[in-house]
Structure formats: structure tokens, C-alpha cells
Amino acid sequence: MTTDPNWQPALVDPASAGTDPSADGLLEYLRGTDLDALLVREKAVIFRGFGIDVDSSYEGVADVLLPNRLAYVHGNSPRTKVGRNLYTSTEYPAEYEISMHNEMSYAKVWPSRILFHCEVQPGTGGATPVVDGQLWLESLDAEVRDAFTAGIRYTQNLHDGIGFGKSWQATFETDDRDEVEAFLATADAEWEWRGSGSLWVSQLRQGTLKHPVSNTEVWFNQADQWHPAGLGEDAAALADVVPEDELPQNATFSDGSPIPAEYIRHVQETGMRLAVDVDWQTGDLLLVDNVAAAHGRRAYTGKRRILVAMSD
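Let me sum up the structure you'll find in this document. (Residues numbered from 1 in each chain as written. Predicted model: local features only at pLDDT ≥ 70, side-chain atom pairs only at ≥ 80, totals over all residues. Heavy atoms only, no water.)

The next thing to look at is the overall build of the chain. The helix and strand inventory of the chain stands at 11 helices and 20 strands. Taking 312 residues into account, the globule formula puts the C-alpha radius of gyration at 20 Å, and the chain, at 19 Å, falls close to it. Counting only C-alpha atoms and orienting by the principal axes, one finds that the chain spans roughly 60 × 45 × 35 Å. Buried positions account for 54% of the 312 residues belonging to the chain. Across the chain, every contact between residues at least 6 apart in sequence was considered, and the portion connecting residues at least 24 apart equals 77%. Taken as a whole, the chain presents about 13700 Å² of accessible surface, with 49% of it coming from carbon and sulfur. Distance between charge centres in the chain, computed from 24 positive and 48 negative side chains, equals 2 Å. (Helix = DSSP H or I, 4+ residues; strand = E, 2+ residues; numbered from the N terminus. Rg over C-alpha atoms; globule rule 2.2 N^0.38 Å. Buried < 20%, exposed > 50% of the residue type's maximum accessible area, 1.4 Å probe, protein only. Contact = heavy atoms within 4.5 Å. Areas by Shrake-Rupley, 256 points an atom, 1.4 Å probe, with all protein chains shown as cover. Lys, Arg positive; Asp, Glu negative; His and termini not counted. Charge placed at Lys NZ, Arg CZ, Asp CG, Glu CD.)

Structure (C-alpha cells):
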């Protein structure tokens, strides 16, 4: 499959769907559509103009779009759970951009679909950029692509309630150590409880991935979001004073050798440059194939509230 440099998410509205501008109209369209084929073909789809509201119509539509809604267990982004496996999108401060990424690509198992819902559109900015993962991979310098072929090692130091980053309790949505260990045992992860009550976790994962249906190879990792060079000045300053093996999170090459900061910056800048912005309107839904396309966030002002749910 060739890469389309002009790729855009598909837009489905009442006119193009040939249905009423309501949640019932959207459900009628979805039930008559091969959603798997639609998402493989389009990679991301915006549903606009159907008046979806989280307090009334969201659940019925989400149940069709997400066959098996997943909990955000072992997620590294700060979120608040607001419903049945429904979360706020990342709660990083509004003035920061969030680089392109495939959700939980650092994990052994990741969601295949991501569904965003705009409950409150931002005052200014706040788009969700999306990028074709094949285009992203093919646009990277060959030296950078080749360096990641053996994979990436992600490490975490999760505190016990006080410290930098997320606690292990928030990360795994439990305060039961046995549950955490059971999860990690199935995740091909190494871990160690430390004297301070913190939890050290290490995982070796892929740098690229082939889509299970289209067989196209895509950039599929979050090295830049775990590496200090990709996390802004505060993270870089922390890395200057905290030993590398004590950072809240870090990414290295598979053998433990450091990833050059210039590689991280190149990956981030390329992804953001190629991305297409989805500018939110209240009531919008955005369904993303989490392997075929990556997503991020633009800086914003106002009360922007985007909710997110995931499915395998």
C-alpha cells in the first residue's frame, strides 16, 4: 500500500451519511456500515453534527464503535476516570503541545481503537493532530529508522504516593501489590519493589509494527515521550540532577545504550510536521485506528474537555 502525503481523516456528517442529525441517525449509519473496513481504509474518522452528549447519547454510540472498552491500566499519562472505562484526555497543562504517539505502544498489549469525544470545545487551539504512521516512518531519516530496529527499553520508577510522576497505585488503578505483579507477569516486564515502597519496571518493546490487516509498516513507539529530551525543559532539568536509573520514566535502545537527543527531536518534529489537525466542535467524535495513525494535542486556551475511551 502506497503512502498518501495528502491523507486526511474521513468526515462523516448527516449529509454524507444520508441520515438524521441525531444520535439515532448516527446509530442507523453505523449499524449499516462495515466499521472494520471503514477504519482500515480511512485510518481515522470524524463523526460531526450528530449532537452526541456524554450524559445521554454517548454510551449507545460508543458501545457500537468500541466493541470491548478497555481500562487505562499501566497508562503513563495523567487522566481522570469519569465513567465506564471513560477518561479525560491527558491532563498536561494547556500551554504545552503533546507529541504524536500511538496509545500505549510501550505496552505488551495496546488498544486497536481510540475514541475521542469533544464535550467542551476549546476557546482557541486545542486541536488533536493525527498522522499516518506509515508516512511518519517513511519520512524519518534512514539513520534514525535503522537505530530503532532492535527495539526500545522503557523503564519506570513509580513512587508510593509522594514523588515525581505517577504513583504505582494510579498507574495500575489498584493499591494491591499482588494485582500489580499478576499484571506485570503477563506483560513480559521485569519489575522490582524497592525499599522506599516504589516500583521499578522495565519493558523491551518494538520500534515499528506491521498493521494486522493492511500489513503496512508504521512507526510505533513512544520513545520520545519517555526520553527526557522529548519532555521539555523541566524534564531535561530533572535529568541533570537525578541519576538516570532513578528518573520517573526513561527510554533507551534495547541494549540499554542512550538514545541521542537529536534522534528524539527529529522523531517529534517529523511527526508534528506531518500531522493533520482535527479542530474540535462540541459533540464531535473521532475514531482512530491506533496502529495506522498516531495522535497528539495542540496547545490551547479555555475550558477544553475531551474524553477518551479505548477498545481492543
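In this section: the sheet that holds strand S9 (residues 128–132). Here 4 strands make up an open sheet; going across it, the order is S6-S18-S9-S16 and the pairing antiparallel. In the strand order of this sheet, the two ends are held by strand S6 (98–101) and strand S16 (276–278), each with one partner. Each strand of the sheet is rotated relative to its neighbour by a mean of 25 degrees, with strand direction disregarded. Packing against the sheet, helix H11 (residues 261–274) makes contact with S6, S9, S16 and strand S18 (293–297), and its axis sits at approximately 85 degrees to S6. (Pairing = 2+ DSSP bridges. Axes fitted to C-alpha atoms, helices over the stretch in contact; angles between N-to-C directions.)

Moving on, we come to a negative patch on the surface. On the surface, a cluster of negative charge is contributed by Asp 141, Glu 143, Asp 146 and Glu 262. You can see Glu 143 is positioned in helix H6 (residues 142–147). On the accessibility criterion, Glu 143 (53% relative accessible area) is exposed. (Patch = residues over 30% accessible without salt bridge, like charges linked within 9 Å, V, L, I, M, F, W, Y side chains within 5 Å. Salt bridge = Lys/Arg side-chain N within 4 Å of Asp/Glu carboxyl O.)

A separate point is the sheet that holds strand S10 (residues 152–158). Pairing is antiparallel across the open sheet formed by 4 strands, whose spatial order is S11-S12-S10-S15. Because the sheet does not close on itself, it has two edges, and the strands there are strand S11 (189–193) and strand S15 (249–253). Across the sheet, the mean angle separating the axes of adjacent strands is 15 degrees when strand polarity is ignored. The pairing of S11 with strand S12 (residues 199–205) spans 5 bridges and is classified as antiparallel.

As enumerated under the stated definition, the model contains 9 aromatic pairs in all. Ring geometry for Tyr 106 versus Tyr 154: centroids 6.1 Å apart, planes at 65 degrees, classification edge-to-face. Of this pair, Tyr 106 sits in the loop between S6 and strand S7 (113–120) while Tyr 154 sits in strand S10, and the two are 48 residues apart along the sequence. Ring plane angle 75 degrees and centroid distance 5.1 Å describe the contact between Phe 148 and Trp 219, whose orientation is recorded as edge-to-face. With Phe 148 in the loop between H6 and S10 and Trp 219 in strand S14 (residues 217–219), this pair connects stretches of sequence that are 71 residues apart. Side by side, Phe 148 and Trp 219 carry an identical accessibility label, which is buried. Ring-pair connections join several aromatic residues into one group, and the members of that group are Trp 136, Phe 148, Trp 219 and Phe 253. Directly above the aromatic system of Trp 193 lies the positively charged group of Arg 177, at a separation of 4.2 Å from the ring centroid. The aromatic ring of Tyr 300 is capped on one face by Arg 304, whose charged end is 5.4 Å from the ring centroid. (Phe/Tyr/Trp six-rings, centres within 6.5 Å; stacked < 30°, edge-to-face > 60°. Lys NZ or Arg CZ within 6 Å of the ring centre and 35° of its normal.)

Among the nonpolar cores identified, the biggest contains 43 residues, and Phe 116, Trp 136, Phe 148, Ile 259, Leu 286 and Val 288 are the most heavily contacted of them. With 5 residues, H11 is the largest single contributor of residues to this core. Each residue touching Leu 286, except ones within four places of it in the same chain, is listed here: Ala 44, Val 45, Ile 46, Ile 114, Leu 115, Phe 116, Thr 128, Val 130, Val 278 and Trp 280. Ranked by size, the runner-up nonpolar core spans 27 residues in total, among them Ala 17, Leu 39, Val 61 and Leu 307. (Core = buried A, V, L, I, M, F, W, Y, C linked by side-chain atoms within 4.5 Å.)

Turning next to helix H4 (residues 58–65). Of the positions making up H4, those classed as buried are Tyr 58, Val 61, Ala 62 and Leu 65. The arc that holds every buried residue of H4, seen down its axis, measures 100 degrees, which confines them to one face. (Arc of directions from axis to C-beta.)

This next bit is on the side chain of Thr 19. Among the secondary structure elements, Thr 19 is positioned in the loop between helix H1 (14–17) and helix H2 (23–31). Looking at Thr 19, the relative accessible area reads 14%, which means it is buried. Excluding residues within four positions of it along the chain, Thr 19 makes contact with Pro 14, Gly 25, Leu 26, Glu 28, Tyr 29 and Phe 50.

This part covers the pattern of salt bridges. Enumeration according to the criterion identifies 15 salt bridges in this entry. In this structure, the salt-bridge partner of Asp 36 is Arg 113, at a minimum N-O distance of 2.4 Å. Here the residue Asp 36 occupies a position in helix H3 (residues 35–42), and Arg 113 occupies one in strand S7, the gap between them amounting to 77 residues. Accessibility expressed as a relative area gives 52% for Asp 36, which makes it exposed. Among the residues examined, Arg 113 registers a relative accessible area of 7% and is labelled buried. Across the pair Arg 84 and Glu 59 runs a salt bridge whose closest N-O atoms are separated by 2.9 Å. You can see Arg 84 sitting in the loop between strand S4 (81–83) and strand S5 (86–88) and its partner Glu 59 sitting in helix H4, a full 25 residues away along the chain. Within this structure, Glu 59, Asp 63, Arg 69 and Arg 84 form a network of salt bridges that share partners.

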